[in-house]
Amino acid sequence: MTDLGGFHDHIARIDLSDGDVAYEGIDEEDAKKYIGARGLGVKYVFDQGPDVDPLGSDNLLAFMNGPLTGTQVTMSGRIAVCTKSPLTNTVTDSHHGGWSGARLKWAGFDGLLFEGAADDPVYAYVEDGEVELRDASHLWGKGVHETRDIIGEEIDGEYGKNLSIMTTGPGGENEVRYACIVNEDDRASGRGGTGAVMGSKNLKAIVIKARTKMQKPKDPETFQQGHKQAMQLIRESDVTGPNEGGLSVYGTNVLMNVSEEMDGLPVRNAQYTSTRAEAEAGTPEANIDAEKVSGENVRENILVDEPTCHSCPVACKKEVEVQTMHKGEEMNVRMESYEYESAWALGPNSMTDDRDKVAVMIDRCNDMALDTIEMGNTLSMAMEATEEGLIEEGINWGDADEMISMIEAVAHRESDLADALAEGGKRAAEEFGDPDISMTVKGQGIPAYDPRAVKGMAIGYATSNRGACHLRGYTPAAEILGIPEAVDPREWEGKGELCAMFQDLHAISDSFDICKFNAFAEGIEEYVLQYNGMTGLDVTEDELMEAGERIYTLDRYYNNLAGFDGDDDSLPARFVEGEEKAIPGQGGSEGDLAELEEMKEEYYEVRGWVDGVVPDERLDELGIDIGPGTGVSAGGQAASGD
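Conventions used here
- Residues numbered from 1 in each chain as written.
- Predicted model: local features only at pLDDT ≥ 70, side-chain atom pairs only at ≥ 80, totals over all residues.
- Heavy atoms only, no water.
- Pairing = 2+ DSSP bridges.
- Helix = DSSP H or I, 4+ residues; strand = E, 2+ residues; numbered from the N terminus.
- Axes fitted to C-alpha atoms, helices over the stretch in contact; angles between N-to-C directions.
- Contact = heavy atoms within 4.5 Å.
- 1 Å grid on protein atoms, 1.4 Å probe; cavity = no way out; pocket = protein on both sides within 12 Å on 5 of 7 lines; lining within 4 Å.
- Points joined across faces, edges and corners; volume = space filled by probe spheres on them.
- Nonpolar A, V, L, I, M, F, W, Y, C, P; charged D, E, K, R; others polar.
- Phe/Tyr/Trp six-rings, centres within 6.5 Å; stacked < 30°, edge-to-face > 60°.
- Buried < 20%, exposed > 50% of the residue type's maximum accessible area, 1.4 Å probe, protein only.
- Lys NZ or Arg CZ within 6 Å of the ring centre and 35° of its normal.
- Expected span 1.5 Å × (residues − 1).
- Salt bridge = Lys/Arg side-chain N within 4 Å of Asp/Glu carboxyl O.

Peer 1: When you look at the sheet that holds strand β14 (residues 319-326) in this model, what are you seeing that I'm missing?
Peer 2: Remark on secondary structure: sheet strands pair via backbone hydrogen bonds, oriented parallel or antiparallel. Judged by pairing direction, the sheet is antiparallel, and its three strands sit side by side in the order β13-β14-β15 without closing on themselves. Edge positions in the sheet fall to β13 (303-305) and β15 (329-335), since each of these pairs with one other strand and no more. The average undirected angle you get between the axes of adjacent strands in this sheet is 30°. Bridge analysis of β14 against β15 gives seven bridges, and the strand direction is antiparallel. Across the sheet, the residue bridging to V322 is V333, located in β15. Contacting β14 and β15, helix α13 (residues 355-368) runs over the sheet at an angle of about 105° to β14.

Dropping the structure here:
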């Protein structure tokens, strides 16, 4: 039990196998050690054991908010979905914004823990501190958008007022390994296959009905001091300033032209570092331009609205409307949001710059509940496999119409090729006979920052505990945006330490649960003031950073027990110095490759790990006193028995 501010001390544990719903409190020591949301969610997943089958009934699926979720804190509308990933077999947590996280808090919950698997499709209805399982047979097989419409008609509520829904689509139902969970605003817990876990449990949706009911801080004076400082910094930032900062004006896709200009944009399945470099190489398809799918182009031509999330003045979401032809059929699509990662993966990395058809692809992925980053990576891998002659009836570079069709085919596993691609890029490339054409780490596809040009992302992708990811430790804040201070993106030295710092900082924000974009303006001082003010605790900046390190280390400890070590902290060969199949960067990144081994050595020294494994002494120092330990000592030998 806990009486810390920001918590309801109310968790629902739902056994889908027998339909039982039980309610429990939160261990206060765990709340102090792991903060909430991601930290507590991973702790619950850890307690379930790392040896579970990700798509088996024993895997836990946790929906968690944190002590700052749904409060006055800026950008506090996030929710964490924690589980064991069917894509990577690691622990994963995947977050989304909008209003569902806030409404879960306003409905009286700190989290929902789903165990077992239902015999028939169900959805969970959440209201006033209670959870009810309802029949979802009539929703099974339907896309995200139709599911939301049907539930909206069934429930006496109104989206945007008091009703939220988190659902999966055919991708999750058919256990596509990168299926996601999407809410009523098309905000997705995109990475790691959380939607596939949902589908494996016959859990179609979670519906939350709740009106605004923000929790009050335990120490209002300290809280308001932190909140006032944070708001001032956000308003003054060149990145987050409302209606002026790049993120507010153009959304995340403000980075498309920036990455292109610095030759740090992976193109043609990451064979090139910009569309310009690819054009100069003179390939048959060398006629695309990243600017055509950029935030600037989107704003000028197809933007129709700029919705926002709970308590967010930045409004980075860019809603668009397009009309285009697809295989002789006119398509009219209004969707949000035209994000940088999605536009890159389904655009330049797959050799298309058809802005409107990329919007259709993003919308199709949302409706099918498929991760746009993974879908784009997997399609670009299939295009390279087709070019190599590994697939007889494959998909050609830049074939936007076929990409649109393939997205739905993958969600339903309609053909042999679609079925192979539904397993993710790593498994499909292995089946096709050339694993080196899969741009994945631990089975998860890379995001839109080329690790040859942005060295912090090289070590970040490699050491991410959930597979290749920019959001575990967003070093481009410093390497591209100069926050908190500018560093050379192409210099490898110091990136191990920089990466670890951002990983710990983001573990904190993920556990609060607030948007990482806060970190473009505010820092640890504002985090401490708002956290202490809400909870009534009195932690220092160092103690809060240690909590972030504890959370990140718990992730790694889970993965160690699941069989992962330093060999898995790798990168695709085409990025790495010394690899036979390396492809050096071009243009402004001419000759660049990732000095991976040097960065790993630096990173492990900062972390106190031994070849990617957490020594038992480090677990003890951080107060992680659960599980059997790794059996490794700080000296690199097996730990001595008690």
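After that view, the rundown keeps rolling.
Peer 1: Even after reading the chapter, I still don't get the sheet that holds strand β3 (residues 61-64), so can you show me in this structure?
Peer 2: The strand order across the open sheet formed by six strands is β2-β1-β6-β3-β4-β5, and the pairing between neighbours is mixed. Because the sheet does not close on itself, it has two edges, and the strands there are β2 (20-24) and β5 (91-96). Taken over all neighbouring pairs, the strand axes of this sheet differ in orientation by 15° on average, direction set aside. Note: β3 against strand β4 (residues 79-84), three bridges, orientation antiparallel. By the bridge assignment for β4, F63 is matched with V81.

Peer 1: Would you take a moment to explain empty space enclosed by the protein for this structure?
Peer 2: Empty space left among the atoms is revealed by rolling a probe the size of a water molecule over them. One pass over the structure, following the stated rule, counts two cavities of 30 Å³ or more. Estimates place the volume of the largest cavity at around 60 Å³. Taken together, L471, Y474, A477, F502, H506, K516, F517, A519 and F520 make up the lining of the largest cavity. For the lining of the largest cavity, the residue count by class is seven nonpolar, one polar and one charged. Here the second largest cavity is characterised by a volume of approximately 40 Å³. What lines the second largest cavity is simply N269, E374, N377, T378, M381, G425, I437, S438, M439 and T440. Top contributing element to the lining of the second largest cavity by residue count: helix α14 (residues 372-388), with four residues. Of the residues assigned to the lining of the second largest cavity, the class counts are three nonpolar, six polar and one charged.

Peer 1: I would appreciate a short explanation of the packing of aromatic side chains in the present structure.
Peer 2: What describes a pair of aromatic rings is the distance from one ring centre to the other and the angle between the planes of the rings. In this structure the tally under the stated criterion is 13 aromatic pairs. With a centroid separation of 6.3 Å and 35° between ring planes, the pair formed by Y23 and F109 is classed as tilted. Taken as a pair, Y23 in strand β2 and F109 in the loop between α3 (100-106) and β6 (111-115) lie far apart in primary sequence, 86 residues in all. A ring pair is formed by F46 and Y557, whose centres lie 5.1 Å apart and whose planes are at 40°; its orientation type is tilted. Here F46, found in helix α2 (residues 37-48), pairs with Y557, found in helix α22 (residues 541-561); they are 511 residues apart in sequence, far enough to count as distant. Neither F46 nor Y557 differs from the other in exposure class; each is buried. Through successive ring pairs, a cluster of aromatic residues spans Y340, Y449, Y474, F517 and F520. A cation over a ring is seen here: R134 above Y125, with NZ or CZ 4.0 Å from the ring centre.

Peer 1: Please clarify how α22 should be interpreted in this entry.
Peer 2: An α-helix turns once every 3.6 residues. As a result, residues three or four positions apart point the same way. For α22, which comprises 21 residues, the first-to-last C-alpha distance of 30 Å matches the rise-based estimate of 30 Å (1.5 Å per residue) to within 8%. The buried fraction of α22 amounts to 15 of the 21 residues, a majority that puts the element mostly inside the structure. Backbone geometry just downstream of α22 places G563 in the positive-phi region, at approximately 110°.

Peer 1: Can you help me understand the layout of surface pockets in this one?
Peer 2: Here the second largest pocket defines a volume of roughly 390 Å³. Mapped by element, the contributors of at least two residues to the lining of the second largest pocket are α17 (425-432) and β16 (440-441). In the lining of the second largest pocket, the residues fall into eight nonpolar, six polar and seven charged.

Peer 1: Before we go on, may I ask you to explain the pattern of salt bridges in this structure?
Peer 2: Oppositely charged side chains can pair when the atoms bearing their charge come close. Within the structure shown, the criterion is met by 52 salt bridges. For K33, the salt bridge is made with D625, and the minimal N-O distance between the two is 3.6 Å. Placement of the pair is K33 in helix α1 (residues 28-34) and D625 in the segment after α24 (616-621), with a sequence separation of 592 residues. A salt bridge links K318 to E306; its shortest N-O distance comes to 2.6 Å. Here K318, found in the loop between β13 and β14, pairs with E306, found in the loop between β13 and β14; they are 12 residues apart in sequence, far enough to count as distant. Looking at K318, the relative accessible area reads 3%, which means it is buried.

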